[in-house]
Amino acid sequence: MKFLTLFTFLALFSTALIAQEGYRININIEGYDQEILSMANNILDKQYLVDTAYRTEDGSYLFAGEEPLPAGIYLVVTQPDNNYFQMLIGTDGDQEFSLTTQLSNLGQVKAKGSRENELFFNYMSFLNNMQTESKPLVAELQDSTTTDQRRDEITTEMEGFDAKVKVRQDQLVKDEEGSFVAAIIRTNQSNNPPEYSEIEDETERRSAQLKWLQQHYFDPIDLKDERLLRTPFLFNRIEYFVDKLHVQHPDTIAKTIDKVLNLMDPESEMFKYYVVHFVNKAAASKIVGMDAVYVHMVDNYYSNGRAYWSEEEQLKSMQENAERTRPLLIGKQAPNMKMSRRDGTPVELYELKANYTILYFWQFACPSCKKSTPYMKEFYAKWKDKGVEIFSICTKQGEIGKCWEYIDDNEIGEWLHATDKYMRFYKDYDIRSTPSIFVLDENKKIVSKRIGAQQLDELLTALERQKEMEVGASGEK
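In this text the structure is predicted, and so the values were computed from the model without any measurement. The numbering scheme is per chain: residues are counted from 1 as the chain's sequence reads. In keeping with the predicted nature of the model, local features appear solely for residues at pLDDT of at least 70, side-chain atom pairs appear and are counted solely at 80 or more, and the whole-chain, interface and lining totals rest on all residues. Only hydrogens and water are removed before side-chain values are computed, so all heavy atoms of the structure are retained for them.

Asks: How should I be thinking about the pattern of salt bridges in this particular structure?
Replies: Salt bridges are defined as contacts in which a side-chain nitrogen from Lys or Arg sits within 4 Å of a carboxyl oxygen from Asp or Glu. If you walk through the whole model with that rule in mind, you get 23 salt bridges. Across the pair D430 and R324 runs a salt bridge, and its minimum N-O distance is 3.8 Å. Here R324 lies in helix α10 (residues 312–325) and D430 lies in the loop between α13 (425–428) and β14 (436–440), a separation of 106 residues in the sequence. Relative accessible area decides the class of each residue, using a 1.4 Å probe on protein chains only: under 20% of the type maximum gives buried, over 50% gives exposed, and in between gives partly exposed. Since its relative accessible area comes to 13%, D430 is described here as buried. Where helices and strands are cited, they refer to DSSP runs of H or I of at least four residues and of E of at least two residues respectively, numbered from the N terminus.

Asks: Just checking my understanding: could you explain helix α8 (residues 269–284) for this structure?
Replies: Count 3.6 residues to each turn of an α-helix, and residues three or four apart come out pointing the same way. Here α8 spans 22 Å end to end across 16 residues, near enough to the 22 Å set by a 1.5 Å rise per residue. Throughout, a residue-residue contact means that at least one pair of heavy atoms, one from each residue, lies within 4.5 Å. Buried positions along α8 lie against α6 (234–243), α7 (250–262), α9 (291–302) and α10. With a side-chain oxygen lying 3.5 Å from the backbone nitrogen of M270, the N-terminal cap of α8 falls on S268. The span expected for a helix works out to 1.5 Å for each residue beyond the first. Whenever a nitrogen or oxygen atom comes within 3.5 Å of another N or O atom, the pair is scored as a polar contact, on the condition that within protein one atom can donate a hydrogen and the other can accept it, and that pairs from neighbouring residues in sequence are kept only if both atoms are in side chains.

Asks: How do you make sense of the packing of aromatic side chains when you look at a structure like this?
Replies: Any two aromatic rings considered together are summarised by their centre-to-centre distance and by the angle between their planes. Aromatic pairing here means that ring centres of Phe, Tyr or Trp (its six-membered ring) are within 6.5 Å. Orientation follows from the plane angle: under 30 degrees is stacked, over 60 is edge-to-face, and everything else is tilted. By the definition in use, this model includes 19 aromatic pairs. Among the aromatic residues, those joined into a cluster by ring pairs are F271, Y301, Y302, Y308 and W309. Above the ring of F161, the side-chain terminus of K164 is found at 5.5 Å from the ring centroid. In this structure, R168 packs its charged tip against the face of F126, placed 4.6 Å from the ring centre. Placement of a positive charge over a ring is assigned whenever Lys NZ or Arg CZ falls within 6 Å of the ring centre and within 35 degrees of the normal to the ring plane.

Asks: I would appreciate a short explanation of the packing of α7 against α9 in the present structure.
Replies: Helix packing geometry: the angle between the two helix axes and the distance between the axes. Axis definition: a line fitted to C-alpha atoms, over the contacting stretch in the case of helices. Angles run 0 to 180 degrees between N-to-C directions. α9 packs onto α7 with a crossing angle of 35° between their chain directions and a minimal axis gap of 9 Å. Crossing of α7 against α9: the hand is right-handed. Residue-level contacts link P250, I253, A254, I257, D258 and L261 of α7 to A292, V293, H296, M297 and Y301 of α9. The classification used treats Ala, Val, Leu, Ile, Met, Phe, Trp, Tyr, Cys and Pro as nonpolar, Asp, Glu, Lys and Arg as charged, and all other residues, Gly among them, as polar. Residue composition of the contact of α7 with α9, grouped by class: 9 nonpolar, 1 polar and 1 charged. Take the far helix as the reference: if the near one is turned anticlockwise from it by less than a right angle, the crossing is left-handed, and if turned clockwise, right-handed.

Asks: Looking at this structure, I do not really get the sheet that holds strand β7 (residues 96–102). What am I missing?
Replies: The strands that make up a sheet are held in pairs by hydrogen bonds between backbone atoms, and each pair lies either parallel or antiparallel. Read from one edge to the other, the open sheet built from 4 strands follows the order β4-β1-β7-β8, with strand pairing classed as mixed. Each end of this open sheet is capped by a strand with a single partner; those strands are β4 (61–65) and β8 (105–112). For this sheet, the mean inter-axis angle between neighbouring strands, taken without regard to orientation, is 20°. Only when DSSP finds a minimum of two bridges between them are two strands counted as paired. Strand direction decides the pairing type here: strand β1 (residues 23–30) and β4, joined by 5 bridges, are antiparallel. Note that in β4 the partner of Y23 across the bridge is G65. On top of the sheet, helix α2 (residues 115–142) reaches β7 and β8; it is set at about 145° to β8, its chief contact.

Asks: How should I be thinking about the packing of α6 against α7 in this particular structure?
Replies: Contact pair α6 / α7: the axes reach a minimum separation of 9 Å and the direction vectors enclose 145°. With respect to the hand of their crossing, α6 and α7 are arranged in right-handed fashion. Across the interface between the two elements, I238, F241 and V242 of α6 pack against I253, T256, I257, K259 and V260 of α7. Of the residues that constitute the contact of α6 with α7, the class distribution is 6 nonpolar, 1 polar and 1 charged.

Asks: What exactly am I supposed to notice about the side chain of T325 here?
Replies: Looking at the element boundaries, T325 is found in helix α10. Residues in contact with T325, not counting those within four places in the same chain, are D291 and V295.

Asks: Is there a simple way to explain the sheet that holds strand β15 (residues 446–449) in this structure?
Replies: The sheet built from 5 strands is open, its strands ordered β13-β12-β11-β14-β15 with mixed pairing. Each edge of the sheet is formed by a strand with only one pairing partner; in this case those strands are β13 (416–418) and β15. With strand direction ignored, the average angle separating the axes of adjacent strands in the sheet is 20°. Across 7 bridges, strand β11 (residues 356–362) lies against strand β12 (residues 388–394) in parallel orientation. Across the sheet, the residue bridging to T357 is E389, located in β12. Against the sheet, helix α12 (residues 400–409) contacts β11, β12 and β13, and its axis sits at roughly 120° relative to β11.

Asks: How do you make sense of the environment of S125 when you look at a structure like this?
Replies: By the secondary structure assignment, S125 is in helix α2. Distance in space between the C-alpha atoms of S125 and G107 is 8.1 Å, their sequence separation being 18 residues.

Structural data, given as structure tokens:
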């Protein structure tokens, strides 16, 4: 008996090991007769094709591979209209199962051989039933003839449905702790801040709620759970936290990104995908000053070796970009420029005394520069008596004569125009296109950059308003 028990145990253990190798997923869709069926998964905000299965003699489709699939929510996609239903891919030991559904109702799926999918589809069926039962109530709410009294009654009934869903969710999370379904539910549950009813001032109360939410937003979300990477909702949750719950200031965004990434396993795919996402997002951002976030990402994740996936050539290119950008970040002292006026007399940027200095890099043949000229004239006419100067550089130094012709023809010689035969400004100010505008304060620190000429008036108006508010606040103190 002892030997028989041991043999049975070893046989079961061996079978389990075999089952964990690769994946084998059989799909039956009644009414579907296309040659192929596709499988895709979610990563960040995109979907990617993972595998294709061909119709077998019995009308089913088999997805199979020698290597286990990464855990996540996957899509089973029909042809030719790309309708789909979702399924769960769990850990290695839960990747051999079958699913049955109908083309006319892809939302109703029966699972066999996968505990995770059985839980998932039972839960989805429950949600569908709740939605079906509440549909007449929703229709009544949308009916303009519904009385206010009836609307109040409907609202109470709808709250009852919400309560039922919450009870079911809480029970699943409790009973199936550690399951993928429980993680999905927890990640999507609302994490509402306290009412703070003791705070009478509404602005202060909202501020307290926002602060609480910033601190506790990820309490129900385990960012070390790799299964969540391949889901359609985690990306939106993280983007909301970064973009909506925090001021869109470079320093704030950089700290917020660090907070998110520090909740992830630094050796995980989750960490890799989100580091790449945030650095690419910063590089492509049209928001003024967000290049500081790019520099922060390069310094804190690539240059120190935390981006374990980066290759030497890519790393070198990113570091070079960061070094070109670093001296031109908002708040930095603008590089001085030693140049010549039209008559050949020397002039330096730092010699120019002004409350604000507008650096304007342009070309006479540049279509966008030609469109900017009227805005620059209008702007200077309004602000020249308010301590604003324009330091203008025609970047077409090889044909400087045409620069002066354009200045005369368009009557823009009123502000300062300068030239540098060595064209050092290309490197110092990383000029890659024209027009390119930098706004400097009275100390020649960069306060804005890469904006359009038509934005200058609005920007300086806002800066002056901010100064007045700061003066008023200091006066009150």
